[in-house]
Amino acid sequence: MKRYSDLEYLRLGKWERFVYKLQSFFVAIPKKLWQLILSIGRFFKKIGLGIAKEFTDIWLTFKDGDWKTKTSYLVMGFGNIARGQVLRGILFLLFEIVFIGYMVLPQGGAYWLSKLGSLGDQGPHKEMVQKYGQWVETSVPGDNSFRILLYGVLTIFFIIAFIYTWRLNVKQNKIAEGILKSGKPLRSGKDDLHSLVDDQFHKTLLALPLTGILIFTVLPIVFMVLVAFTNYDAEHDGLNNLFTWVGMDNFNTMFNWTAGGKSYSAAFGEILTWTLIWAFFATFTNYFLGMLVAMMINKKGINLKKLWRTVLVMTIAIPQFISLLYVSKMFAKNGLINLSLINLGWIQTGQELPFWEDPTWARITVILINIWIGIPYLMLIATGILMNIPADLYESARIDGANPVQQFTKITLPYMLFITGPYLLTSFTGNMNNFNVIYLLTGGGPTNASISTGGAAVGHTDLLITWLFKITMEGGNKYYMASVVGILVFLVVAVISLVVYGLLPSIKNEEDFQ
Amino acid sequence: MNNKTAEIDRQKRSIGLKASARISNTIIYILLVIISFIWLLPFIFIVLQSFRCEVTGPVGYVTPKVWGLDNYKRLLECNFKTWYLNTFIIALCVAVLQTIIVLCMSYTLSRFRFKMRGGLMRFMLILGMFPGMLTMIILYRVLKDLGLTQANAVPGLILVYVASSGMGYYVSKGFFDTIPKSLDEAARVDGATRAQVLTKIILPLAKPIVIYTILTAFMAPWGDFVFARYIAFGTSSGYNVAVGMFDWLSKDQIGSWYTTFCAGGVIVALPVTILFMCLQKYYVEGVTGGAVKG
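Residues numbered from 1 in each chain as written. Chains lettered and ligands numbered in written order. Predicted model: local features only at pLDDT ≥ 70, side-chain atom pairs only at ≥ 80, totals over all residues. Heavy atoms only, no water.

1. Quick look at the packing of aromatic side chains
Filter applied, for reference: In summary, the pairing rule links any two rings of Phe, Tyr or Trp, Trp by its six-membered ring, whose centres are within 6.5 Å, and it sorts them by plane angle into stacked for under 30 degrees, edge-to-face for over 60 and tilted for everything else. We count a charge as sitting over a ring when the NZ of a lysine or the CZ of an arginine lies within 6 Å of the ring centre and within 35 degrees of the ring normal.
Counted according to the given criterion, the structure contains 55 aromatic pairs over all chains. Aromatic side chains F175 of chain B and F176 of chain B sit 6.4 Å apart centroid to centroid with 75° between the ring planes, which places their arrangement in the edge-to-face category. Put simply, the rings of F80, W83, Y84, F88, F218, W222, Y239, W248 and W257 of chain B touch in pairs and so form one group of aromatic residues. The cationic tip of K70 of chain A hangs over the ring face of F62 of chain A; the distance from NZ or CZ to the ring centre is 5.7 Å. Directly above the ring of F146 of chain A sits R141 of chain B, whose terminal nitrogen or CZ lies 4.0 Å from the centroid.

Here it is in structure tokens:
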């Protein structure tokens, strides 16, 4: 593709400019992807180098350190205590004791780790148990795959935390030695406590939120990613019937093209296409119509601005499950709209409009109702931004003889697009995962009879996220397939975000509009 | 002479402009009235149908033929009270705890420059790309082990909502970024600790965003449906309103519960809407700020 210089570009006509921009966008995509791969490579190189550096440092600290430091390699916190920093030392020591205790206890870390490779060897079984002096055959519970996986992951987290703390302990000895050598006093326990509300205040503030995220977000996500490599489903529930590692089998099932229309790959392709179409329309219809409404309300000479705005904003307050469920029933076969059309005599019984029964009708209705849901938000956002556009821009445009349409395309639209670029991206990915609207309106239906995966039914309005939910809930609860879909959703969202984010003008040249 | 014609010309043109402005304004008024109707109509329908006494299922007209409070009485007789109380408790606890967590998180990320900051923010951005739906299964099993499901779903739900709320720090971080840092520095020079800077200087200035966070945190649990249903499944006493009322519109119940659903909808929406309208100003501020910051 020919690259134009700035001067050549300015000479181009409107249409040629557009084509040129579009071309350069698509030409840039492979480059972006390549840069992404490179940056991932660089990331791992950095990590590798970092680890190597840590090891040399650990070794040097040991070699050059005094006996207090050397003892600390085994007894954490010993150096701190010996040098008078009792509080720190005790905390280190306590952590070490807890860690070792947890690892060696009968049902402790070592036990879970040893089972992690097989996810349990024996389900519920019969055993000879001595009762009242007699040997009786009794059922005893066996391993629990679910717990093994969960506690196995937790133990690995704990080990990583221990290694980090141990490294910290070593580092502290080195620092303390340095400070003592230069003749300064070390910080006391009181200083340490004080620093928690002062220069180390961020640690205090972040402790609680990050613990919550670690346990209730990171741990479950790691767990569920691992489930994609097992055969965990209703049949293999981990308790009555153990589940185990199956390697890449589930991914092979997902991308198995040989089964024709009756496979996961067909379902995935179909649903991904609709998900992208839906996200595109849901984002841009809302965006432009919301902007239009905002401009109508804000136009000079329109009275009762507050009333119009309040009417729309009020609909945000009403919980979505009420409005969406109600509207969904309104459009149903025996709902308000069809029944009143029959009452009016416009249609006959049996000729009801197939809002939710026909695939195309359902898809269009869903997008239309989403406009109804989404415009109030966009109206608010657009209002805020429109008010920030300097009025003299419009004034000078008017003096130059620009008509309202030109004012819109030359000033308002570029300004809006520039400011809301990142918002458009997040709202696109948000719409891809817009569970509520689809599930409450159609539940994914109408069912797509041409595709069957042997698991949950696939519907014409199903998004990846609702499909994932259905796989979890119906058709034998194939958690492992749900997990594979989840990973794919992540990949799609991540790739879209990274590629588009790099191309956004507001990221590229932040100063342009200021 | 020339001057006069020019003057007349200008007057004519301005009259013409005024006329065209009047026409376009009239069109806009008409559009706005239509839009307002479309947006309000379903809610007006809900209110009207909640007073209908003659038939309990969906019908082809809106205004009730027999007016009455039967549907509201029916709400009092069924489990709706429990669901309502459950949701209210959840919303209240979540509003308080989530606000504390979100503020801690966003303030720290806005003000402190520590070693892991960039990595932490990137990590949370990536975490946010995983569909949260996926973690439902394991959270359910864990909560079940802790005894926080079915009848005890309320504390379980509060725990899960609050624990992962640190991820939603973007809007309030954007707000904190706009408070000048020189304020912090001046106070630090005067000998205030970081904690004092937060409580004495930043928090009073951050009132709008605190109210925004409380408001959104309070409103979210009223609409949560999927996770709440998964956690409380099958035990009516652990439901929230969304879960309980969802079943009323299922195929076999809609005939007898449709109007009750409308009445319940009114009772649920009323307090939330009133609260929202009172604090609308702060909500608008938060939403617009959040979108501009991206």
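2. Some thoughts on helix α9 (residues 201–227) of chain A
Definition in use: Numbering of helices and strands runs from the N terminus; a helix is a DSSP stretch of H or I covering at least four residues, while a strand is a stretch of E covering at least two. Helix span is expected to be 1.5 Å times the residue number reduced by one. Fitting axes to the seven residues that end at a residue and to the seven that start at it, the angle between those axes gives the bend at that residue.
Here α9 of chain A is 27 residues long and its end C-alpha atoms lie 38 Å apart, about the 39 Å a rise of 1.5 Å per residue gives. Along α9 of chain A, the sharpest kink reaches roughly 40°, centred on A207 of chain A and followed within four residues by the proline P209 of chain A.

3. Section: the side chain of T193 of chain B
Note the cut-off: Only protein chains enter the accessibility calculation, which uses a 1.4 Å probe. A residue is then buried if its area is under 20% of the maximum for its type, exposed if over 50%, and partly exposed in between. Contacts are residue-level and defined by heavy atoms, with any inter-residue pair within 4.5 Å sufficient.
Among the structural elements, T193 of chain B can be located in the loop between α8 (181–189) and α9 (194–205). In this structure T193 of chain B comes out as buried when scored by relative accessible area, which is 11%. With residues near it in sequence (within four places) discarded, T193 of chain B still touches H194, V197 and D198 of chain A together with R188 of chain B.

4. Some words on the side chain of Q85 of chain A
Topologically, Q85 of chain A is positioned in the loop between α4 (78–82) and α5 (86–104). Residues within four places of Q85 of chain A in sequence aside, it is in contact with N80, L186 and R187 of chain A.

5. Observations regarding the environment of W166 of chain A
All names here are of chain A. The cut-off we apply is this: Polar contact is the term for a pair of N or O atoms within 3.5 Å; when the atoms are in protein, one must be able to donate a hydrogen and the other to accept it, and sequence-neighboring residues count only if both atoms are side-chain atoms.
Relative to the helices and strands, W166 is located in helix α7 (residues 145–181). C-alpha of W166 to C-alpha of V75: the two residues are 91 residues apart in sequence and 9.7 Å apart in space. With sequence-adjacent residues up to four places away left out, W166 is seen in contact with I58, S72, Y73 and M76. Polar side-chain contacts of W166 include one of 3.0 Å to the backbone oxygen of Y73.

6. So, the pairing of strand β2 (residues 134–140) of chain A
Residue and element names in this part refer to chain A. Let me state the cut-off plainly: Here, any two strands with at least 2 DSSP bridges between them count as paired.
Bridging between strand β1 (residues 125–131) and β2 involves seven bridges; their strand directions are antiparallel. Across the sheet, the residue bridging to V129 is V136, located in β2. As consecutive antiparallel partners, β1 and β2 are separated by two residues, and within that stretch Y132 has a phi angle of approximately 50°, a positive value.

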